[in-house]
Every structure is written in structure tokens, then in C-alpha cells.
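Read off the chains here:
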Amino acid sequence: MFNAEVNRALISAADLINTAGGLKSAKTTPDVLDSVEGLKAFLAQREPELEWPSSKATRKQLEKVRELREALHRVWQSAPITKPEELALINDLLEGVGTRLVPAEEGETAFRERPIPVSDQISDLITATVAAALAHLVTRDETSRLRICRGDDCEAAIVDLTRNRSKLFCDYGNCANRAHVRAYRARQAAKRNGRTNDAAGSPESSAPRLTKPSAAEKADQLNRPTSASAIAAKEFRDRMRAELMDKRQKKAKK
Ligand SMILES: [Zn+2]
């Protein structure tokens, strides 16, 4: 979505947030950064282009990286960043980070900005890379792409790098699928209730609910899209609707 460096930094930042213990797709996960070994493993799994060597992991750096993780979590929770006072979260990370210009790896421009970290300690390397990427998003009004998974019982941080801003769920489990099933059941329930009201007296609607599918459910199943493109189109519509509802809720909160 953005340039390769920014994409990479944002994905790694979300991964860092997700190393914290908590709920991911209805499963409790442990804190991965509970030891220097844990930090080393996290760094070893990063893309080599980030240049975050696992050899730089120390006890002291572990504490610093954990603090950074907290700060990034707050950024994700605050996104989209729309108020000047919310900028402090990112400005704190940018404190002391410099910029130099280097040739770009790929993309539309020949050159790009590269952050200069405060020191070569691993926490400072991560901070500089991620803070620069966040600044890139803020100045382009794209922080709404920093999200918390919309799934039930899920706290995973995600970055939406899709062109149509359609990523709402994490990849830790089956959050998207569970949400679709829930939405489907809610539609079914609404349908049943509607039918009970306007078709009172018919044996099926007045009888207590049994396990046998109703005529309406069967009809709905027949109407469900079967081809891959139809399913994709339906999923896209559902996502757009969910996103719109979310925006409205966020607005209402403000
Ligand atoms: Zn999730």
C-alpha cells in the first residue's frame, strides 16, 4: 500500500504489539517477550531488511522494547488519529530521530527518507523505523489503517494495507469466519421474528423452534453465493457495512 519500508515497519509494529499476552481469536496467548530469548526469537523472525539483529537483545533492551510495545499499543488504540493532542503519542517516539535521504528500494520515487535512530540499541532501531512509518501515515491521513481486530474475543492489532481498506480481521484464527457466521445467524433471527409477526397462525412460525431448518432458512441457503467471485463480492459488501458501522460508532463516541 505504502512503500516497502513503511509496510514492513507497520506489519512488524503490529506483530510487536501482538507479542503481549491476551486474547487472539478467542484464545488466550502468553506474553512472548517474557525473556531475552523471547525477544531474540521475535527479532529473528523479522524481515532481514529491517536490520533488527537478534544479537542486540539484552535484559535492559528487553525492558525498553516492552515499553515501546505499550506505547505502540496506545497508538493503535487511538487510531485514527484526528486530533492534534493525539500526535504526542507519535511525537514522543520521534524524539531525537533524524532523517537522511537514500535511494528507494522500489516504488514511484527514486529516493526516500530513512530514519536515523537515536542510538544503535535495538529498542532505538525499532523506535526509529516504526515512528517514521507512523509519521508517514499521519501526514497522509491514513492512520485509520491501524486497527484492532473486529472479531469477538480478539485484541489483535492489525494493519490494513489493502487498497479498498477492507481488512477488518486478524490472521490468528478464524475471526472473519466467526463474524460472518454470527451476522448470518442474526439475519436469520431477524427473519424469523419478522415472519412470526406477519404470518402468525401458520404452524411453522407459531411452533416452538426446533432443530429442523425453516423454509426461510432453506431459501436463504439456496440464495447464498456459491461461486468464488460471488462469495468475494458478498464478503466485500459485509466488510464495507461493518466498517461503516464502526465509523459511526466511533463518531458517536466523540
Ligand atoms: Zn482477530
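Quantities reported herein were computed from a predicted structural model and do not represent experimental measurements.

Caption draft 1: Main features of the overall build of the protein. In terms of helices and strands, the protein carries nine helices and six strands. Residues classed as buried in the protein amount to 34% of the 254 residues present. For the protein, the exposed surface amounts to about 15100 Å²; the carbon and sulfur share of it is 53%.

Caption draft 2: Examining the packing of aromatic side chains more closely. Scanning the model with the defined rule gives zero aromatic pairs in all. Sitting above the plane of the Phe42 ring, Arg46 keeps its charged end 4.1 Å from the centroid.

Caption draft 3: Structural context of the coordination of the zinc ion. Within the protein, Cys149 (SG), Cys154 (SG), Cys170 (SG) and Cys175 (SG) serve as the donor atoms for the zinc ion, at 2.3 Å. Each of the four donor atoms around the zinc ion contributes to a set of angles spanning 106 to 117°, which defines the coordination as tetrahedral. Considered as a linear motif, the donors of the zinc ion on their single chain read C-x4-C-x15-C-x4-C. Like Cys154, Cys149 is buried.

Caption draft 4: Highlighting the pattern of salt bridges. Counted according to the given criterion, the structure contains twelve salt bridges. The residue Arg8 makes a salt bridge to Glu47 at a minimum N-O spacing of 3.6 Å. You can see Arg8 sitting in helix 1 (residues 4–17) and its partner Glu47 sitting in the loop between helix 2 (36–44) and helix 3 (59–78), a full 39 residues away along the chain. Relative accessible area serves as the criterion here: at 9%, Arg8 is assigned to the buried category.

Caption draft 5: Region of interest: the packing of helix 1 against helix 5 (residues 122–139). Helix 5 packs onto helix 1 with a crossing angle of 115° between their chain directions and a minimal axis gap of 9 Å. In this view, helix 1 runs roughly perpendicular relative to helix 5, as classed from their interaxial angle. In this structure, helix 1 crosses over helix 5, and the sense of that crossing is left-handed. Of helix 5, the residues touching helix 1 (which contributes Val6, Ala9, Leu10, Ala13 and Leu16) are Ile126, Thr129, Val130, Ala133, Leu134, His136 and Leu137. Classifying every residue of the contact of helix 1 with helix 5 by side-chain character gives ten nonpolar, two polar and no charged.

Caption draft 6: Highlighting unusual backbone geometry. In this chain, Ala79 is followed by Pro80 through a cis amide linkage whose omega measures 0°. In this fold, Pro80 is placed in the loop between helix 3 and helix 4 (88–94). Despite not being glycine, Ala26 has its phi angle at roughly 65°, a positive value. With respect to the helices and strands, Ala26 occurs in the loop between strand 1 (22–24) and strand 2 (27–29). Not every positive phi belongs to a glycine, and Arg165 is a case in point at roughly 55°. Note on placement: Arg165 falls in the loop between strand 6 (157–159) and helix 6 (175–198).

Caption draft 7: Representation of the side chain of Ser123 in the model. Tracing the backbone through its elements, the reader meets Ser123 in helix 5. On the basis of relative accessibility, which here comes to 4%, the residue Ser123 falls in the buried class. Every residue in contact with Ser123, bar those within four places of it in the chain, is listed here: Gln61, Lys64, Val65 and Leu68.

The rules behind these values
- Residues numbered from 1 in each chain as written.
- Predicted model: local features only at pLDDT ≥ 70, side-chain atom pairs only at ≥ 80, totals over all residues.
- Heavy atoms only, no water.
- Helix = DSSP H or I, 4+ residues; strand = E, 2+ residues; numbered from the N terminus.
- Buried < 20%, exposed > 50% of the residue type's maximum accessible area, 1.4 Å probe, protein only.
- Areas by Shrake-Rupley, 256 points an atom, 1.4 Å probe, with all protein chains shown as cover.
- Phe/Tyr/Trp six-rings, centres within 6.5 Å; stacked < 30°, edge-to-face > 60°.
- Lys NZ or Arg CZ within 6 Å of the ring centre and 35° of its normal.
- Donors = N, O, S within 2.8 Å, 3.2 Å for Na, K, Ca; no water.
- Tetrahedral: all angles 85-135°; square planar, octahedral: opposite > 155°, others 65-115°.
- Salt bridge = Lys/Arg side-chain N within 4 Å of Asp/Glu carboxyl O.
- Axes fitted to C-alpha atoms, helices over the stretch in contact; angles between N-to-C directions.
- Parallel < 35°, antiparallel > 145°, perpendicular 65-115°, else oblique.
- Left-handed = near helix turned anticlockwise from the far one by under 90°.
- Contact = heavy atoms within 4.5 Å.
- Nonpolar A, V, L, I, M, F, W, Y, C, P; charged D, E, K, R; others polar.

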